Amino acid sequence: MPMKPVESIAPLTDGCNGNERELRLTRCGQIALDRVLLYLRCLDFPAPQALELARRVFGEVEGNSAPGADPVARAMQALRRLLREQRPGVGEHPGQARPERSVPASPPVYRSRMVPEPLAPLRLRSQLAGLLNIWRRAPNRGRGKALG
Amino acid sequence: MTREFTDMSWERNARRRRLILLSFVLIPTFIACDYMARVLPQNGATILEFLLVLFFGALYAWISVGFWTSMAGFFTLLRRFDRFAPSGRNDSIPIGPGARTAIVVPVCNEPVDRTFAGIYAVYRSVRQTERLDLFDFFILSDTSDPDRWVEEEAAWLELCRITGGHGRIFYRNRRANVKRKSGNIADFCRRWGYRYRYMIVLDADSVMTGPTLLRMVARMEGAPTIGILQTFPKTVNAQTLFARLQQFAGNLYGLLFSVGLHFWQLGEAQYWGHNAIIRVEPFIKHCGLPTLPGKPPLGGEILSHDFVEAALMRRAGWGVWLAYDLAGSYEELPPSLLDELKRDRRWCQGNIQHMKLLFTKGLFPAHRALFLAGAMAYVSGLLWFLFLAMSTAEAVSEVFIKPQYFPAQRVLFPHWPVWNAGWAIVLGISTALLLFLPKLLAVIVVSVQQGRAKEFGGIIKLLTSALIEVVVSALTAPIRMIFHSKFVFLTLAGREVAWNSQQRGAQSASWYEALRFHGSGMALGFAWSLIVLLTNPSFFWWLAPIVVSLIMSAPLSVFSSRSTLGQKFRNSGLLLTPQETAPPPELRWLEAYRRQYRTFSSLPPFGDQKGFTRAVVDPCVHALHLSFLRKERKYCPEILDRRRKLREKALALGPDALRASEKKELLCDPTSLKALHEAVWALSDAVSANRWGFGLSPSSCGFSVAPPLEKAA
């Protein structure tokens, strides 16, 4: 895609001579343009739309150039504003523009309790006593059964 | 506590069978102990010899349990009839829409590509059964690594996109990993458990086929007293020689052993924590795990939760069954001996911790026995080591201590201390029979079943592979003995171990790592050999298999961890398994997805960046991550100031300058993350921007969509 330097976003060129100014203008504009296009590519914008949006971004930046401001930051700020205008209702972040973002990652919570089970130790003495009682009672039980 | 079901029809048979097992184990053990005492010079009269006989008895009983389990399996398979088989009539029961089932995959810092490839394979297999409506998938992440956390989120979205699984495949990350895996599952139960009648738990390395999942649900529907139904997973996807040996052994001997286990256990089986279906309601009601009194390693959180959950489920009256006859259940293995030993260190601690629960009120004797068996799996190593050390002490003392031919009391004949080598050989043969006969029987079972030997590469290859497996397992057994002794000792001494995720994939062990781990064992082997050779050379030959293995442990560990060697065996048709000769489609889909995921996840412009960088820079990943976070909250000025400084540090020095905890703090705070995102995109300084992955020009930053996987697979 053709990339041309954006001339008016170069407050960094103050005090430079002709050639140097030209060079820095080109570099700053290039970085800002690259960044804007990269962002749009990450959002899966088709190339024509991306270029159109980039053109609008740089139009805005040209119109509101303030001395001392970073061109890349200003371009990105303008891009985010334009994206919010273009796609209203997708939340405050442009990355939410993809449709699948609206699908929840988990179903509605149906909260309940899961209480830890008590793990009380066996009382060996009572167990032993129980066992002895069973043995003591066993003959009576057996006789009763036989008689019954 | 009240039991929901009592006096089940199989309980009397189970008691009778276990009584038989007990007598089969104890009677030969007493006879063997008597033989052992007679082998010794003083017939077990000294303390040292008495201890020798005691340890020998414990070890003999332990291997007898394994032997009789395999024998029970062998005869059940020979009869071709099992009246308590959990299969059969229930498999064809129609499943109503109410049998909603959650497939839960708890993960913690696992390889993202393998985890999601496994879920993809299961999802696709279920979809083919046309009963996808019954199942929901939950990836329950406990991942603490910030990069992996973001990668998991991106992988979840990608999986949903490829399968069309939005609203059916869910992902959640837990900030506080309370009670590890059991806490993770409990958290699922609390949030969404009552939406489902069943849950099927899978590990990060598990795969199950759709038809198997449906049959499990059908069996649960048909048997309303079953609380947990555990499958016997086959080991697959091994690459290294070590893992291939384990995989071959698991596939060959596993069936015999699992059928035998089922024979003794019936409805009081164990739960292995994965590849099992659980009835959710009783699980929530009865299987919540408390924290044990006392400090770790023996107190605190219950580490090996699965055995305890099975015991609690049974305590409440529900059956826990092992469905040995269900195919289509797979898992993977640690790639090397070192990785297996690292895993054993954790399991050892978990199993020994169960000793605290041995006398818990209300548990069934079968589950107490399982706790004991779990601990014995590692304590037996220590007992074996002590037995060998005492045998050596006895042999060495024989040289230095003069025997008393004429004791103090008057006797007619002098007392000649004699080693009865003939009886020792008889004992040795009987022990070898207990150890190796089950393996031979497994080979016979496979050989006589129509076409099964072919699945292992044919009868000649099968026999050769079995022989190799026997030799290598005999070589590695003493190495395991030393490590298990160490683990038991450290656990009892109160040393805790970090419960990290298991190493998966085929990474070979380095010489440095092998020498670091095996160095002490090798030195012990050298010293042991030297002492015996210098004092009692004739005893050395009895000890040679042990000490030679110890001396060779590092090379054995390194060479067996090489996947090239494993591949050579595979190419020559050795150590083959049925899943390799005829791979099920699920395993092929898994591999295809894994390949495609790797390609996709490295796509420019930011695909090749680490997770944290992607969450900051890539607008889509950033927005996705924000959608997982809670709403923005108000914080105190100290926290805000700390986070501002973190952002400044990240901007100035790049993402690699941040520690994992710092990255996580920023990832958890939506305000900080948004601010960082905007600041990073506004970086005009080339050096700083490059640190965040802005090195590419837009012409090369194709963020294209991958081709449909169904076609690729």
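Located above this text is the structure these notes cover.
Summary of the structure given here.

Definitions and cut-offs
- Residues numbered from 1 in each chain as written.
- Chains lettered and ligands numbered in written order.
- Predicted model: local features only at pLDDT ≥ 70, side-chain atom pairs only at ≥ 80, totals over all residues.
- Heavy atoms only, no water.
- Patch = residues over 30% accessible without salt bridge, like charges linked within 9 Å, V, L, I, M, F, W, Y side chains within 5 Å.
- Areas by Shrake-Rupley, 256 points an atom, 1.4 Å probe, with all protein chains shown as cover.
- Salt bridge = Lys/Arg side-chain N within 4 Å of Asp/Glu carboxyl O.
- Helix = DSSP H or I, 4+ residues; strand = E, 2+ residues; numbered from the N terminus.
- Contact = heavy atoms within 4.5 Å.
- Buried area = accessible area lost by both parts, 1.4 Å probe.
- Polar contact = N/O pair within 3.5 Å; in protein donor to acceptor, adjacent residues only side chain to side chain.
- Phe/Tyr/Trp six-rings, centres within 6.5 Å; stacked < 30°, edge-to-face > 60°.
- Lys NZ or Arg CZ within 6 Å of the ring centre and 35° of its normal.
- Buried < 20%, exposed > 50% of the residue type's maximum accessible area, 1.4 Å probe, protein only.
- Pairing = 2+ DSSP bridges.
- Axes fitted to C-alpha atoms, helices over the stretch in contact; angles between N-to-C directions.

1. Structural notes on a nonpolar patch on the surface
Residues and elements named next belong to chain B.
Part 1 of the argument: Together, I27, I31, Y35, W423 and V426 line one region of the surface with nonpolar side chains, adding up to about 450 Å² of accessible area.
Part 2 of the argument: Put simply, the parts of the chain that give the nonpolar patch at least two residues each are α1 (11-39) and α12 (421-448).
Part 3 of the argument: Of the residues forming the nonpolar patch, the biggest block, three residues, is contributed by α1.
Part 4 of the argument: Among the structural elements, W423 can be located in helix α12.

2. Digging into the interface of chain A and chain B
Part 1 of the argument: The interface is formed by 44 residues belonging to chain A together with 58 residues belonging to chain B.
Part 2 of the argument: Here chain A and chain B share an interface that buries about 4,600 Å² over both sides, 65% of which is from carbon and sulfur atoms.
Part 3 of the argument: When the area that chain A buries against chain B is broken down by residue, the three leading residues are M114, E117 and L119 of chain A, summing to 17%.
Part 4 of the argument: Our enumeration of links across chain A and chain B arrives at two salt bridges.
Part 5 of the argument: Note that E678 of chain B is salt-bridged to R80 of chain A, the shortest N-O span being 3.9 Å.
Part 6 of the argument: Put simply, chain A and chain B have 13 residue pairs in polar contact (both at pLDDT 80 or more) between them.
Part 7 of the argument: Sorting the residues of the side of chain A that touches chain B by element identifies α1 (18-42) and α3 (71-86) of chain A as the ones contributing at least two each.
Part 8 of the argument: A per-element tally of the side of chain A that touches chain B places α1 of chain A first, with eight residues.

3. Thoughts on the packing of aromatic side chains
Aromatic rings considered in pairs are described by the distance between their centres and by the relative angle of their planes.
Residues and elements named next belong to chain B.
Part 1 of the argument: One pass over the full model with this rule turns up 30 aromatic pairs over all chains.
Part 2 of the argument: Seen from their ring centres, F540 and W541 are 5.2 Å apart, and the 80 degrees between their planes marks the pair as edge-to-face.
Part 3 of the argument: Through a chain of ring-to-ring contacts, the aromatic side chains of F138, F170, F188, W192 and Y196 assemble into a single cluster.
Part 4 of the argument: Positioned above the aromatic ring of F364 is the side chain of R314, whose terminal nitrogen or guanidinium carbon lies 4.1 Å from the ring centre.
Part 5 of the argument: In this arrangement the basic side chain of R343 is found over the ring face of W347, its NZ or CZ atom lying 4.0 Å from the centre.

4. Quick word on unusual backbone geometry
Residue and element names in this part refer to chain B.
Part 1 of the argument: Cis geometry is adopted by the peptide bond preceding P297, which originates at P296 and carries an omega value of 10 degrees.
Part 2 of the argument: Along the chain, P297 turns up in the loop between α8 (280-286) and α9 (305-315).
Part 3 of the argument: Unlike most non-glycine residues, N109 shows phi in positive territory, near 55 degrees.
Part 4 of the argument: Looking at the secondary structure, you find N109 in the loop between β1 (101-107) and α3 (112-128).
Part 5 of the argument: A positive phi is found at N237, a non-glycine position, where the angle reads about 60 degrees.
Part 6 of the argument: In this fold, N237 is placed in the loop between β7 (234-235) and α7 (241-265).
Part 7 of the argument: A relative accessible area of 27% means that N237 is categorised as partly exposed.

5. So, the sheet that holds strand β8 (residues 276-279) of chain B
By definition, the strands of a sheet pair up through backbone hydrogen bonds, in either a parallel or an antiparallel sense.
Residue and element names in this part refer to chain B.
Part 1 of the argument: Here we have seven strands laid out as an open sheet, ordered β3-β2-β1-β4-β8-β6-β9, and mixed in their pairing. Two strands lie at the open edges of the sheet, namely β3 (169-173) and β9 (319-323), each paired on one side alone. Across the sheet, the mean angle from the axis of one strand to that of its neighbour is 20 degrees, orientation sign disregarded.
Part 2 of the argument: Summarising the sheet, β1 and strand β2 (residues 135-141) pair through seven bridges and their orientation is parallel.

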